[in-house]
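# Residue-level structural notes
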Amino acid sequence: MAFIGTTSFLGTSLLTTSSKSCCSSTKPTVRSLNMVAVPEFREKSLEEKAGKAPVHMTGTKLWTPRSWRDMPILQVPDYPDQAKLQDVEKRLSKSLPLVFSGECDRLKENIAKAGRGEAFVLQGGDCAESFSEFEKYGGENIRNTFTLLIQMSIVMMYGIEKPVVKIGRMAGQFAKPRSSPFESSKDKEMQLPSYRGDMINGPGFTLKDRVPDPERMYEAFIQSTATINLLRTLATGGYLDLRRIHDINLEFVNGTSQGEQFRDFADAISKAIGFMQSVGLQTDSPMIRQAEFYVSHESLLLPYEESLIRLDEETGKYYSTSGHFIWLGDRTRQPEGAHVEFLRGIANPIGIKCGPSLSQDDLMELLDILNPTNEPGRITLISRVGAGKVREHLPRFIETIRREGRFVTWSCDAMHGNTENSPAGFKTRKFDNILSEVREFIECHQEMGTYPGGIHLEMTGQNVTECVGGMLELGHDDLGR
């Protein structure tokens, strides 16, 4: 909950952001929905639809939902049971979409606004979703993380006086990139394949758990369906009615200074709504009672992603219906790689993680491949360089984009560049480093006359200790509880 302190800082900093922009934009169109599955993604099916459904081209290269299979690939497991894999892919390809094309286009429009400084993107959620936690807690974890994101967005909107685009790392964030294909036991006596997330294999340190199982993809799909259904209900069913804003809080922050600060914001908002009612203005509109909420995940396990591609027959565009927004990780952004090839042909808004190793030439090559028409809202560049390193890397990215006249939205992932190990071996982060990277990100954009368009956070609504410092001044000894 220490992130309420972060959002208070953001509200102050973003109000002073320069109104100067390096790019302008046009307004995308939101259309009606008419989506169909691509039957087993057969080449014949694509050719039959070619006249009605144009595909993306890079140079003279044709894109299909399965063209990534001809490219070099990283971070995807070898499944020992190929027949089972094909069966799961077939079942997924016949399933209903998790999200719809019109929703994706609406999000793209909102992200474009953030790129112009007219809105701000808040993206957050668990590092990785879990089958066991879902079974143990049901929808409680989902509701709590959703509530925390809403609290943060309310504080931000109050501070910056702009819309906040809310995107959860939810309903698909089941796979994890790994730095090594193998991991060792604590005594170093046994080595097994790395745990790659519940969508791929199990966390238990046994050979049985670590064998990739295609059926886990379908289980992830079922859980994602339940998650999205709950999120839609929470977002539109009155849970977020600002007329009862004091109820939008997490119990474990009651009595803390940040909890008191949120109540101060809530009091001010309640008074504003009361004033609107007193002068006869409408306060029971959907804008007061509901919220737009989107879901996202890293596009990592491509057999799953391909199986959930759907064709919008009205426009002839292909969408990944596994999530509204999917991103390209720092380990899979090779321009000649399979993940870039997959993302090239879908119409969703997409993100690119930009770490210290990304060169300006590679950045431009990625933009040429993934957004050849320079569509506003299509690309979000998510910097992840670490505290103290922002001024070394972000200005060169910004200058390259400005020089080439590209439309992008800038976001800051202040988590993955600040990971360290505690003395007891827990993976952790210092809250001060997270805040410092966000601060440097905003200040750098202000100095260069561009817009800090969003932040991307690993976070949870659970009462857990994963970071040191923060409002409770947690130490390394607190990480075990």
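The structure this text deals with has already been given above.
The present account deals with the structure reproduced in this document. (Residues numbered from 1 in each chain as written. Predicted model: local features only at pLDDT ≥ 70, side-chain atom pairs only at ≥ 80, totals over all residues. Heavy atoms only, no water.)

## Looking at the overall build of the protein chain
Across its full length, the protein chain carries 15 helices and 18 strands. In the protein chain, which comprises 481 residues, the share counted as buried stands at 54%. Partitioning the intrachain contacts of the protein chain with sequence separation of at least 6 by distance along the chain shows that 78% fall at a separation of at least 24. Working note: accessible area of the protein chain is about 20,500 Å², and carbon and sulfur atoms make up 50% of it. (Helix = DSSP H or I, 4+ residues; strand = E, 2+ residues; numbered from the N terminus. Buried < 20%, exposed > 50% of the residue type's maximum accessible area, 1.4 Å probe, protein only. Contact = heavy atoms within 4.5 Å. Areas by Shrake-Rupley, 256 points an atom, 1.4 Å probe, with all protein chains shown as cover.)

## Here's the deal with the pattern of salt bridges
Scanning the model with the defined rule gives 23 salt bridges in all. Residues E89 and R69 are paired through a salt bridge, measuring 3.0 Å at the closest nitrogen-oxygen approach. Note that E89 is positioned in helix 3 (residues 82-93) and R69 in the loop between strand 3 (61-62) and helix 3, a separation of 20 residues in sequence. For E89, a relative accessible area of 12% corresponds to the buried category. (Salt bridge = Lys/Arg side-chain N within 4 Å of Asp/Glu carboxyl O.)

## Some remarks on the packing of helix 6 (residues 140-160) against helix 9 (residues 257-278)
Between helix 6 and helix 9, the shortest axis-to-axis distance is 11 Å and the interhelical angle comes to 60°. One element, helix 6, and the other, helix 9, form an angle in the oblique class. Crossing geometry of helix 6 relative to helix 9 is assigned as left-handed. Of the residues in helix 9, those in contact with Q151, I154, V155 and Y158 of helix 6 are F262, F265, A268 and I269. (Axes fitted to C-alpha atoms, helices over the stretch in contact; angles between N-to-C directions. Parallel < 35°, antiparallel > 145°, perpendicular 65-115°, else oblique. Left-handed = near helix turned anticlockwise from the far one by under 90°.)

## Some thoughts on the nonpolar core
Formed by 97 residues in total, the largest nonpolar core has its most connected members in M217, Y304, I352, L367, L370, L381 and W410. It is helix 6 that contributes the most residues to this core, 10 residues altogether. Excluding residues that lie within four positions of it along the chain, M217 makes contacts with Y79, L85, V88, E89, L92, M199, L301, P303 and Y304. Core analysis: the next-biggest nonpolar cluster, separate from the first, contains 11 residues, L107, A114, V121 and W327 among them. (Core = buried A, V, L, I, M, F, W, Y, C linked by side-chain atoms within 4.5 Å.)

## Regarding the pairing of strand 8 (residues 293-298)
Counting buried positions along strand 8 yields 6 of 6 residues, so the element is predominantly enclosed. Alternating residues of strand 8 divide into F293, V295 and H297 and Y294, S296 and E298, and every residue in both groups is buried. Where strand 8 meets strand 11 (residues 325-328), 3 bridges bridge the pair, whose relative direction is parallel. Pairing of S296 across the sheet is with F325, part of strand 11. (Pairing = 2+ DSSP bridges.)

## What about the sheet that holds strand 4 (residues 120-125)?
Strand order in the closed barrel formed by 8 strands is 4-5-8-11-12-13-14-17, and the pairing between neighbours is parallel. Recorded for the sheet is a direction-independent mean angle of 25° between the axes of neighbouring strands. Pairing between strand 4 and strand 17 (residues 454-458): 5 bridges, direction parallel. Looking at strand 17, one finds that Q123 is bridged to H456.

## Quick word on a nonpolar patch on the surface
Taken together, the side chains of F275, V279 and L281 present a nonpolar region at the surface, about 310 Å² in accessible area. According to the relative accessible area criterion, V279 is partly exposed, its value standing at 48%. (Patch = residues over 30% accessible without salt bridge, like charges linked within 9 Å, V, L, I, M, F, W, Y side chains within 5 Å.)

## A word on the environment of C354
Here C354 lies in strand 12 (residues 350-354). Classification of C354 as buried rests on a relative accessible area of 1%. Note: C-alpha distance between C354 and I382 (28 residues apart in sequence) is 5.7 Å. Leave out the neighbours within four places in its chain, and C354 touches D330, L381, I382, S383, R384, V385 and F397.

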